[in-house]
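Residue-level structure breakdown
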Amino acid sequence: MKTKKQNADFLHVGRKLLDWYKIHGRELPFRKTNDPYKIWICEIIFQQTRIEQGLNHYRNFIERFPDVQTLAGAETDEVLLYWKGLGYYSRALNLHKASLQIINDFNGIFPADYDSILQLKGIGKYTAAAISSICFGKKIAAVDGNFYRVLSRLFADDFDISNSKAFDYFSELALKMMPENEAGHFNEAMMDLGSEICKPKNPKCESCPLNKDCVAFNLGKISGFPVKTKKVKPTDLDLYYSFVEYNGQFLVRQRKDDFIWKKLFEFPVEIPADWQQFVVKQKTIAHKLTHKNLSIQMSHVVLESQDIFTEFANGNGFSIITYEESHQKSFPKPLENYLKDYYENKSLMR
DNA sequence: AATACGGGGGT
DNA sequence: ACCCCAGTATT
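Residues numbered from 1 in each chain as written. Chains lettered and ligands numbered in written order. Predicted model: local features only at pLDDT ≥ 70, side-chain atom pairs only at ≥ 80, totals over all residues. Heavy atoms only, no water.

Quick word on the UniProt feature "domain: HhH-GPD" (unreviewed entry) in chain A
Taking the UniProt record as the reference, the feature "domain: HhH-GPD" (unreviewed entry) is found at residues 45-196. Secondary structure over residues 45-196 splits into 64% helix and 0% strand, and the C-alpha atoms at its two ends are 19 Å apart. (UniProt positions renumbered as here; feature names shortened; annotations may be inferred. Helix = DSSP H or I, 4+ residues; strand = E, 2+ residues; numbered from the N terminus.)

Next up, the structure:
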């Protein structure tokens, strides 16, 4: 029967992938454990984040928060500090919220079933599938960007990955390939193949264990997959900050958790009009985010009176800190760069 | 179904 | 200048 033969072919390719993975799979710190807490942390960190970028964050995070009890007992600001520079800061806030969910709703034990895992803040279909398969052996595909790329090329499948049904579509495809009792390893294998071989640009098809089976490759049409129609155009965002300094100290406050840079620290936006006389330098900082072109107007203010400095700080919810103390707070990247530039290079004043 | 949400790396 | 990355929440 035709469909039966096709399914057997799918499974054959899946086994090939698994065999490749057992020899060529990456050795990563979180590959040595099935602790759902550690797998959870790594899955959140590596959402939209390359392994090389997040590896040190993962190690530091696990060292400081080795289990869910430690994480739940920590201050949100310290969790954010360990997230410094990773971006998508709601991930850190949700991580902390979810740790409290686990303590309060699941007796401090990481839930073992897919639907319970899915209830945790910051965990969606991908992460729930990854944890379920890797830690609890559930036969389910953890469909991420690698799956879209590998599978669309393997079958020369032009299903639009912008489509909200793409997850379920490729999930079903992957399930046909998945060998029995190997869901976790299969999912990791797809990620490794997508990351090391079946890369977005210049894929190493000559080294690919699936190149004999890859329809797009054998058609010479690798570059046509995956198909993605949706394109978001970046918008401009203008920000205005005043860096207010007195005697080696400066003003910071914490942002809200809406908009960008949730709960991170920033400089004053509005300052008294008569402080304009203390502006010693102005410069514009250009900074690109994924969907925003930032232009930050920085006014550098050096006050001559401690009274107006502390009075303004106390009346407007600002903290007065030193550069050393700023290392214990999480700043948006461009503001962190500004601080570093000023205190370590002094290039601002040149 | 669209949009918002960071930062880093590659071409 | 544009694309992508171990995606999720919100509207």
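With respect to the protein's contact with DNA strand B
DNA strand B sits among 25 residues. The nearest are Ser 164, Ile 260, Trp 261, Thr 290 and Lys 292. Each atom of DNA strand B within 4 Å of the protein was assigned to sugar, phosphate or base; sugar and phosphate come to 57%. With respect to DNA strand B, the backbone of Gln 48 contributes an N or O atom lying 3.1 Å from a base nitrogen. In the model, a sugar or linking oxygen of DNA strand B is placed 3.0 Å from a nitrogen or oxygen of the Tyr 88 main chain. Partitioned by chemical class, the residues of the surface near DNA strand B number 8 nonpolar, 10 polar and 7 charged. (Near = heavy atom within 4 Å. Polar contact = N/O pair within 3.5 Å; in protein donor to acceptor, adjacent residues only side chain to side chain. Nonpolar A, V, L, I, M, F, W, Y, C, P; charged D, E, K, R; others polar.)

Observations concerning the packing of helix α9 (residues 145-154) against helix α10 (residues 166-177)
The geometry of α9 relative to α10 is characterised by a closest axis approach of 10 Å and an angle of 65° between their N-to-C directions. One way to sum up the angle between α9 and α10 is to call them roughly perpendicular. By crossing handedness, the relation of α9 to α10 is classed as left-handed. Residues Phe 147, Tyr 148, Leu 151, Ser 152 and Leu 154 of α9 lie in contact with α10, whose contacting residues are Ala 166, Phe 167, Phe 170, Leu 173, Ala 174 and Met 177. Across the contact of α9 with α10, the residue classes tally to 10 nonpolar, 1 polar and no charged. (Axes fitted to C-alpha atoms, helices over the stretch in contact; angles between N-to-C directions. Parallel < 35°, antiparallel > 145°, perpendicular 65-115°, else oblique. Left-handed = near helix turned anticlockwise from the far one by under 90°. Contact = heavy atoms within 4.5 Å.)

Digging into the protein's contact with DNA strand C
Lining the immediate environment of DNA strand C, one finds 23 residues, of which Phe 30, Phe 46, Gln 48, Gly 122 and Arg 149 sit closest. Across the atoms of DNA strand C situated within 4 Å of the protein, the share located in sugar and phosphate is 64%. Within the backbone of Gly 145, one N or O atom sits 3.4 Å away from a phosphate oxygen of DNA strand C. Within the residue set of the surface near DNA strand C, elements represented by two or more residues are α8 (125-136) and α9.

Details of the layout of surface pockets
Remark: the empty space left among the atoms is shown by a probe the size of a water molecule rolled over them. Estimates place the volume of the second largest pocket at around 310 Å³. In terms of residue count, the dominant contributor to the lining of the second largest pocket is helix α11 (residues 183-197) (4 residues). Residues belonging to the lining of the second largest pocket are distributed by class as follows: 3 nonpolar, 8 polar and 7 charged. (1 Å grid on protein atoms, 1.4 Å probe; cavity = no way out; pocket = protein on both sides within 12 Å on 5 of 7 lines; lining within 4 Å. Points joined across faces, edges and corners; volume = space filled by probe spheres on them.)

What about the domain arrangement of chain A?
Here chain A is described as being made up of domain 1 (2-224) and domain 2 (235-349). Computed over C-alpha atoms, the centres of domain 1 and domain 2 are 38 Å apart. Contacts between domain 1 and domain 2 engage 7 residues on the former and 14 residues on the latter. When the area that domain 1 buries against domain 2 is broken down by residue, the three leading residues are Leu 81, Lys 84 and Tyr 89, summing to 51%. Our count for the domain 1 to domain 2 interface comes out at 0 salt bridges. Summed over the shared surface of domain 1 and domain 2, the result is 3 residue pairs in polar contact (both at pLDDT 80 or more). Those elements that place two or more of their residues in the side of domain 1 that touches domain 2 are α5 (76-82) and α6 (90-105). Per-element accounting of the side of domain 1 that touches domain 2 gives the leading share, 3 residues, to α5. Here the residues of the side of domain 1 that touches domain 2 are counted per class, giving 4 nonpolar, 1 polar and 2 charged. (Domains from an automatic or database assignment. Buried area = accessible area lost by both parts, 1.4 Å probe. Salt bridge = Lys/Arg side-chain N within 4 Å of Asp/Glu carboxyl O.)

Overview of the packing of aromatic side chains
For the structure on display, the rule yields 29 aromatic pairs. Taken together, a centroid distance of 5.4 Å and an interplanar angle of 80° make the contact between Phe 30 and Tyr 58 edge-to-face. A residue pair is termed long-range when its members are at least 10 positions apart, and Phe 30 in the loop between α1 (2-24) and α2 (36-45) and Tyr 58 in helix α3 (residues 51-64) qualify at 28 residues. What makes Phe 30 buried here is its relative accessible area of 7%. Classification of Tyr 58 by relative accessible area gives buried; the value is 4%. (Phe/Tyr/Trp six-rings, centres within 6.5 Å; stacked < 30°, edge-to-face > 60°. Buried < 20%, exposed > 50% of the residue type's maximum accessible area, 1.4 Å probe, protein only.)

Focus on the environment of Lys 283
With respect to the helices and strands, the residue Lys 283 is situated in strand β4 (residues 279-289). Expressed as a C-alpha distance, the spacing of Lys 283 and Ile 197, which sit 86 residues apart in the sequence, is 44 Å. Among the polar contacts made by the side chain of Lys 283, one reaches the side chain of Asp 341 at a distance of 3.4 Å.

Notes on the pairing of strand β2 (residues 249-254)
Examined bridge by bridge, strand β1 (residues 235-246) and β2 share 2 bridges and lie antiparallel to one another. Bridge pairing in β2 links Tyr 246 to Gln 249. The hairpin turn running from β1 into β2, its antiparallel successor, is 2 residues long, and Asn 247 in that turn takes a positive phi close to 55°. Two strands pair when backbone bridges link them, and β2 and strand β6 (residues 319-321) are joined in this way by 3 bridges, in the antiparallel orientation. Counted as the bridge partner of Phe 250 is Ile 321 from β6. Here 2 bridges tie β2 to strand β3 (residues 265-266), and the two strands are oriented antiparallel to one another. Residue pairing across strands places Gln 254 opposite Phe 265, the latter belonging to β3. (Pairing = 2+ DSSP bridges.)

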